[in-house]
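Topology and contacts: notes
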Amino acid sequence: LKKTRKAAELWTTARAEGKWGPHAAPLLPSEILHIGNDFEKDFIGARNAGFHAVLLDRFDEEGDAERWIEGGAPVFKDLIDVVEFLARKGFQLG
């Protein structure tokens, strides 16, 4: 894959080629948790695809986390925080 291809293009291509979707993936979109660090691409994009989504603010960027929270995104400092959150909510991994 060329590095210039965007995530949305990759997803669309995979779906068109039958590598993603109801016949290719054993999971429903509602069973997927997408973890990212970009509000538009990772949170809004994932939610638009039917996925659950959370964002990581590992580097404490200038006010990003506050804006993301205001936009409805759950925000965590690292992956361990995400796992602990899921455990507290009763989600089972694996």
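All residue numbers refer to position in the chain's written sequence, counted from 1. Note on the predicted model: pLDDT of at least 70 is required for a residue's local features to be given, and 80 or more for side-chain atom pairs to be given and counted; whole-chain, interface and lining totals, by contrast, use all residues. The basis for every side-chain value is the complete set of non-hydrogen atoms in the structure, without hydrogens or water.

**Looking at the pattern of salt bridges**
The test is simple: The salt bridge definition used is simple: a Lys or Arg side-chain nitrogen within 4 Å of an Asp or Glu carboxyl oxygen. Helix and strand definitions here come from DSSP, where helices need a minimum of 4 consecutive H or I residues and strands a minimum of 2 consecutive E residues; each element is numbered from the N-terminal end. Burial classes: relative accessible area under 20% of the type maximum marks a residue as buried, over 50% as exposed, and values in between as partly exposed (1.4 Å probe, protein chains only).
Under the defined criterion, the tally for this structure stands at 3 salt bridges. Salt-bridge contacts for K77 lead to D60; the nearest nitrogen and oxygen are separated by 3.5 Å. Highlighted residues: K77 in the loop between β3 (75-76) and α4 (79-88) and D60 in the loop between β2 (52-56) and α3 (64-70), separated in sequence by 17 residues. Residue classification places D60 among the exposed residues on the basis of a relative accessible area of 54%. Among the ionic pairs, R67 bridges to D64, the shortest N-O distance being 2.4 Å. In this pair, R67 and D64 both sit in helix α3, 3 residues apart, roughly one turn of the helix. A single network of salt bridges, built from pairs that share partners, joins D57, D60 and K77.

**Thoughts on the sheet that holds β3**
Put simply, the rule reads: For two strands to count as paired, DSSP must find a minimum of two bridges between them. Contacts are assigned to residue pairs with any non-hydrogen atoms lying within 4.5 Å of each other. Between N-to-C directions, angles cover 0 to 180 degrees, with each direction set by a line fitted to C-alpha atoms, over the stretch in contact for helices.
Ordered in space as β1-β2-β3, the 3 strands form an open sheet in which the pairing is parallel. Unpaired on one side and paired on the other, β1 (33-36) and β3 mark the two borders of the sheet. Two strands pair when backbone bridges link them, and β2 and β3 are joined in this way by 2 bridges, in the parallel orientation. Of the residues in β3, the one forming a bridge with L56 is F76. In the packing of α4 onto the sheet, the strands contacted are β1, β2 and β3, and the crossing angle to β1 comes to about 150°.

**Observations concerning the pairing of β1**
Inspection of the sheet shows β1 paired to β2 by 4 bridges, in the parallel sense. When the bridges of β2 are listed, I35 appears paired with V54.

**Side note on the packing of aromatic side chains**
Condition: Each Phe, Tyr or Trp ring (for Trp, its six-membered ring) is paired with any other whose centre lies within 6.5 Å, and the angle between the two planes then decides the class: stacked below 30 degrees, edge-to-face above 60, tilted in between.
Under the defined criterion, the tally for this structure stands at 2 aromatic pairs. Ring centres 5.2 Å apart and planes at 55° place the aromatic pair F76 and F85 in the tilted group. On the basis of relative accessible area, F76 is assigned to the buried category, the value being 11%.

**Description of the nonpolar core**
Rules: Buried residues of nine kinds, namely Ala, Val, Leu, Ile, Met, Phe, Trp, Tyr and Cys, make up a nonpolar core once their side-chain atoms join them within 4.5 Å.
I32, F39, F43, A46, F51, A53, L55, W68 and A73 form the largest nonpolar core, which has 9 residues in total. Mapped by element, the contributors of at least two residues to this core are α2 (39-48) and β2. It is α2 that contributes the most residues to this core, 3 residues altogether. By size, the runner-up hydrophobic cluster in this structure holds 5 residues, among which are V54, L56, F76 and V82.

Note that every value here comes from positions in space, so none of it alone points to a role or purpose.
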